[in-house]
Amino acid sequence: MSTATPTKAPVYDNREAFADELCALAREDERIVVVCNDSVGSSKLGGFREEFGPRLVNVGIAEQNMVGVGAGLANGGLVPFVSSAAPFLTGRSLEQVKADIAYSQYPVILCGQSTGMAYGELGPTHHSVEDLSWLRALPGLDIVVPADRSETRQAVRLAAARPGPTYIRVGRFKVPDVTPEGHVLERGRWSILREGADVALVATGTMVHGALVAAETLAASGIEATVVNAAYIAPLDLDLLDELAGRVEAIVSVEEATLSGGLGAAVASRIAQRPTTRPAVRLLGVHDEFAPTGSNEFLLDYFGLTPEKIVEASTEALRHA
């Protein structure tokens, strides 16, 4: 089966899908409110502010307070979406996310905007590559990384319906639609976008399209790849991961995040604990360094997060399988 997206497919901003679905949800449910930190523009919340007025609380550049306000609103019976540029939401507010949200299990939806290295030219202070590692260490916090518009919309609704907290990782640069029509996002479940018997490309968020393009190139050289859309980083789809490990020769994880503690680390940890022969594993992501300043395209190439590098990693893993 193949649902590979053409390389030149139209691209879309997932932040707009996020904002549109949030407005639709707010029309249906008066409990929906938004808290932000002077990020109305970058979170695409202008339409929400115009339509719902006082249901948007702008705390200014005070991220720790922002998360605390979200927790208080949840404690009062509302459903708060706390939206901010991801490096500040997760970095500056990590203690509040831990104590006020995760430990307290308040149903707050943390919306990390412009994740990965989308703010390329603004440098390491604005790269958000550590967020998956930091937040995956917190028990009871769902982490979902939508791959396209459809998954972004579904993630908004799944998070609002959940009785506990969720972190939604929303990318800034435009990506194609990659999920097939009728695809249903399920909590803690990954989806297979393409079947292949040789190597599994386990990608998340903005990297899913690149994995599909890489699979096309691999197929031309006689290597068949399964492409997995790993939308949920927590909880992980351990059943599918175990099934993949039992039938492919190699697994390559691909994430626009640091390799210390994110998707790749989770995959490698699970595979290492298998009692039987393990497939070869390669992890693609941000290496053990601060990502430099440069365009998003430059940074993806710098860290080997292009379809060409995914192909190289896959063929190298298969040689050593």
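Preceding this section is the structure that the text describes.
Residues numbered from 1 in each chain as written. Predicted model: local features only at pLDDT ≥ 70, side-chain atom pairs only at ≥ 80, totals over all residues. Heavy atoms only, no water.

Colleague: A description of the sheet that holds strand E8 (residues 199-203) should follow, citing residues and the corresponding values.
Modeller: A sheet is described by the order of its strands in space; here five strands give the open sequence E7-E9-E8-E11-E12, paired in mixed fashion. Every interior strand has two partners, whereas the edge strands, strand E7 (191-194) and strand E12 (280-286), have only one. For this sheet, the mean inter-axis angle between neighbouring strands, taken without regard to orientation, is 25°. The sheet contact formed by strand E11 (residues 250-258) and E12 spans six bridges and is parallel. When the sheet's bridge partners are listed, Ser-253 is paired in E12 with Leu-283. Sitting on the sheet, helix H9 (residues 238-245) touches E7, E8, strand E9 (225-229) and E11, and the angle it makes with E9 is about 170°. (Pairing = 2+ DSSP bridges. Helix = DSSP H or I, 4+ residues; strand = E, 2+ residues; numbered from the N terminus. Axes fitted to C-alpha atoms, helices over the stretch in contact; angles between N-to-C directions. Contact = heavy atoms within 4.5 Å.)

Colleague: Explain the packing of aromatic side chains to me, using residue names and the numbers behind them.
Modeller: Throughout the structure, instances matching the rule amount to three aromatic pairs. Considering the side-chain rings of Phe-48 and Phe-52, the 4.7 Å spacing of their centres and the 45° angle between planes classify their relative orientation as tilted. On the criterion of helical spacing, the pair formed by Phe-48 and Phe-52 is a turn pair, its members being four residues apart in helix H2 (residues 46-52). For the residue pair Phe-48 and Phe-52, the accessibility class agrees, reading buried in each case. An aromatic cluster is built from Phe-298, Tyr-302 and Phe-303, whose rings are joined through pairwise contacts. Residue placement shows Arg-149 over the ring face of Tyr-12; its charged tip is 3.5 Å from the ring centre. (Phe/Tyr/Trp six-rings, centres within 6.5 Å; stacked < 30°, edge-to-face > 60°. Buried < 20%, exposed > 50% of the residue type's maximum accessible area, 1.4 Å probe, protein only. Lys NZ or Arg CZ within 6 Å of the ring centre and 35° of its normal.)

Colleague: Outline helix H1 (residues 14-28), listing residues and values.
Modeller: An ideal rise of 1.5 Å per residue puts 21 Å on 15 residues; H1 measures up with 21 Å between its terminal C-alpha atoms. Residues of H1 that are buried make contact with strand E1 (32-36), H2, strand E3 (79-85), strand E4 (109-113), helix H7 (149-161) and strand E6 (166-170). Between the side-chain oxygen at the start of H1 and the backbone nitrogen of Arg-15 there is a gap of 2.8 Å, and the oxygen is on Asp-13. (Expected span 1.5 Å × (residues − 1). Polar contact = N/O pair within 3.5 Å; in protein donor to acceptor, adjacent residues only side chain to side chain.)

Colleague: Mind laying out the nonpolar core, listing which residues take part and the relevant values?
Modeller: Counting residues in each nonpolar core, the largest one holds 65 residues, and the members touching the most others are Phe-18, Leu-45, Phe-48, Phe-81, Leu-110, Trp-190 and Ile-251. Ranked by residues supplied to this core, first place goes to H1 with six residues. Contacts of Ile-251, omitting those with residues within four sequence positions, involve Val-199, Ala-200, Val-202, Leu-241, Ala-245, Val-267, Ile-271, Pro-279, Ala-280, Val-281 and Arg-282. Core analysis: the second largest hydrophobic core is formed by 34 residues, Ala-215, Leu-284, Val-286 and Leu-305 among them. (Core = buried A, V, L, I, M, F, W, Y, C linked by side-chain atoms within 4.5 Å.)

Colleague: For the side chain of Thr-306, give the residues involved together with the corresponding values.
Modeller: Position of Thr-306 relative to the elements: it lies in the loop between helix H11 (296-302) and helix H12 (307-319). Residue class for Thr-306 comes out buried when judged on its relative accessible area of 13%. Residues contacting Thr-306, with those up to four places away along its chain left out, are Leu-300 and Asp-301.

Colleague: Help me get a handle on the environment of Glu-16, residues and values and all.
Modeller: Among the structural elements, Glu-16 can be located in helix H1. Separated by 156 residues in sequence, Glu-16 and Arg-172 place their C-alpha atoms 9.6 Å apart.

Colleague: Outline the pattern of salt bridges, supporting the account with residue identities and numerical values.
Modeller: For side chains bearing opposite charge, pairing can occur when the charged atoms are close. Enumeration over the complete set of coordinates arrives at 19 salt bridges. Asp-29 is paired through a salt bridge with Arg-31; the nearest N and O atoms lie 2.8 Å apart. Judged by its relative accessible area of 40%, Arg-31 is partly exposed. The salt bridge partner of Glu-195 is Arg-247, with a shortest N-O separation of 3.3 Å. Placement of the pair is Glu-195 in the loop between E7 and E8 and Arg-247 in the loop between H9 and E11, with a sequence separation of 52 residues. Judged by its relative accessible area of 33%, Glu-195 falls in the partly exposed class. Taken together, the salt bridges that share partners define one network made up of Asp-20, Glu-21, Glu-28, Arg-153 and Arg-157. (Salt bridge = Lys/Arg side-chain N within 4 Å of Asp/Glu carboxyl O.)

Colleague: Could you give an account of the packing of helix H3 (residues 63-75) against helix H5 (residues 94-102), naming the residues involved and the relevant values?
Modeller: At a minimum axis distance of 9 Å, the contact between H3 and H5 shows a crossing angle of 5°. When the axes of H3 and H5 are compared, the pair comes out roughly parallel. Taken together, the residues of H5 that come into contact with H3 (itself represented by Gln-64, Val-67, Gly-68 and Ala-71) are Gln-96, Val-97, Asp-100 and Ile-101. Split into classes, the residues belonging to the contact of H3 with H5 amount to four nonpolar, three polar and one charged. (Parallel < 35°, antiparallel > 145°, perpendicular 65-115°, else oblique. Nonpolar A, V, L, I, M, F, W, Y, C, P; charged D, E, K, R; others polar.)

Colleague: Quick one: what's the story with unusual backbone geometry, residue by residue and with numbers?
Modeller: A negative phi holds for most residues other than glycine; trans holds for most peptide bonds. Cis geometry is found at the peptide bond from Ala-234 to Pro-235, where omega equals -5°. The phi angle at Lys-44 is positive, at roughly 60°, despite the residue not being glycine. For Lys-44, the location among the structural elements is in the loop between E1 and H2. In this structure, Ser-114 takes a positive phi of about 55° despite not being glycine. A relative accessible area of 0% places Ser-114 in the buried class.

Colleague: Got a sec to walk through the environment of Arg-27? Specific residues and values, please.
Modeller: Position of Arg-27 relative to the elements: it lies in helix H1. Distance in space between the C-alpha atoms of Arg-27 and Phe-52 is 8.9 Å, their sequence separation being 25 residues.

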